[in-house]
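Inside the fold
Below, each chain spelled out in residue letters.
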Amino acid sequence: MKRFLVLSEVEMDEKKYNDLVKEGFEPTDFIVSVLADHGRDRGLMIKMRCVETEYHLLDDVCKAADTIATDKAFDELEETMLRNNMCVGGNCEA
């Protein structure tokens, strides 16, 4: 199975927001439902988390995700090298 991380910023107008709250719906649950249901209807397996924020965080979150992915890749590479005794210059640190 191939995995993708999708980061997005969703905006909702005040009227829609207020209407949802009046009807007893949590706006974040509504957003998750709309996006996840749409994807699941097309055969995608989706885990999603929605957070309401006043800030534009997409760029910062993308940078953090890139850093985390790079760190995980380096950790995996180091583990593979040590496990297979593929040590640079024949000197392995355990």
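Look a little higher up for the structure.
In this report, we go over the structure that sits alongside the text. Here the residue numbering is sequential within each chain, running from 1 through the sequence in written order. Only residues with pLDDT of at least 70 get local features here, since the model is predicted, and only at 80 or more are side-chain atom pairs given and counted; chain-wide, interface and lining totals rely on the full set of residues. Hydrogens and water are ignored here; the side-chain numbers use all heavy atoms of the structure.

**Topic: the overall build of the chain**
Helix numbers and strand numbers start at the N terminus; a helix is a DSSP run of H or I with at least 4 residues, a strand a run of E with at least 2. If you tally the helices and strands in the chain, you get 3 helices and 0 strands. In sequence order, the secondary structure elements of the chain are arranged as α-α-α. Accessible area is worked out with a 1.4 Å probe on protein chains only. A residue is then buried under 20% of its type maximum, exposed over 50%, and partly exposed in between. A total of 94 residues make up the chain; the buried ones form 9% of that total. Pairs at least 24 apart in sequence give 38% of the contacts found in the chain among residues at least 6 apart. A total accessible area of about 8900 Å² is found for the chain, and carbon and sulfur atoms account for 54% of it. The contact rule is simple, with two residues in contact once any of their heavy atoms fall within 4.5 Å. The protein chains shown are the only cover counted for residues, whose accessible areas, like all others here, come from Shrake-Rupley with a 1.4 Å probe.

**Some details on a negative patch on the surface**
On the surface, E9, E11, D59 and D60 cluster together into a patch of negative charge. Tracing the sequence through the fold places D59 in helix 3 (residues 58-83). The class for D59 is exposed, based on a relative accessible area of 59%. By definition, no residue in a patch forms a salt bridge, and every one has over 30% relative accessible area; like charges are joined within 9 Å, nonpolar side chains (Val, Leu, Ile, Met, Phe, Trp, Tyr) within 5 Å. We define a salt bridge as a side-chain nitrogen of Lys or Arg found within 4 Å of a carboxyl oxygen belonging to Asp or Glu. Think of it this way: Lys and Arg go in the positive column, Asp and Glu in the negative one, and His and the chain ends go nowhere. Lysine's charge is taken at NZ, arginine's at CZ, aspartate's at CG and glutamate's at CD.

**Focus: a nonpolar patch on the surface**
Residues L5, L7, Y55, L57 and V61 make up a contiguous nonpolar surface patch of about 480 Å² in total accessible area. Examined against the element boundaries, L7 turns out to sit in the segment before helix 1 (14-22).

**Let's talk about the pattern of salt bridges**
All told, the structure shown has 2 salt bridges when counted by the stated rule. Close ionic contact of K15 with D19 constitutes a salt bridge, the shortest N to O distance being 3.0 Å. Residue K15 and its partner D19 are located together in helix 1, separated by 4 residues, close to a single helical turn. On the accessibility criterion, K15 (59% relative accessible area) is exposed. Among the ionic pairs, R40 bridges to D37, the shortest N-O distance being 4.0 Å. With R40 and D37 both in helix 2 (residues 27-40), this residue pair falls 3 residues apart, about one helical turn.

**Remarks on the environment of V61**
Tracing the backbone through its elements, the reader meets V61 in helix 3. Along the backbone, V61 and S8 are 53 residues apart, and their C-alpha atoms lie at a distance of 9.6 Å.

**Considerations on the environment of Y17**
Mapped onto the elements of the fold, Y17 is located in helix 1. By relative accessible area, which is 26% here, Y17 ends up partly exposed. Sequence separation of Y17 and T28 is 11 residues, and the distance between their C-alpha atoms is 9.7 Å.

**Here's the deal with the side chain of T28**
Within the secondary structure layout, T28 lies in helix 2. By relative accessible area, T28 is classed as buried at 14%. Residues contacting T28, with those up to four places away along its chain left out, are C50, V51 and E52.

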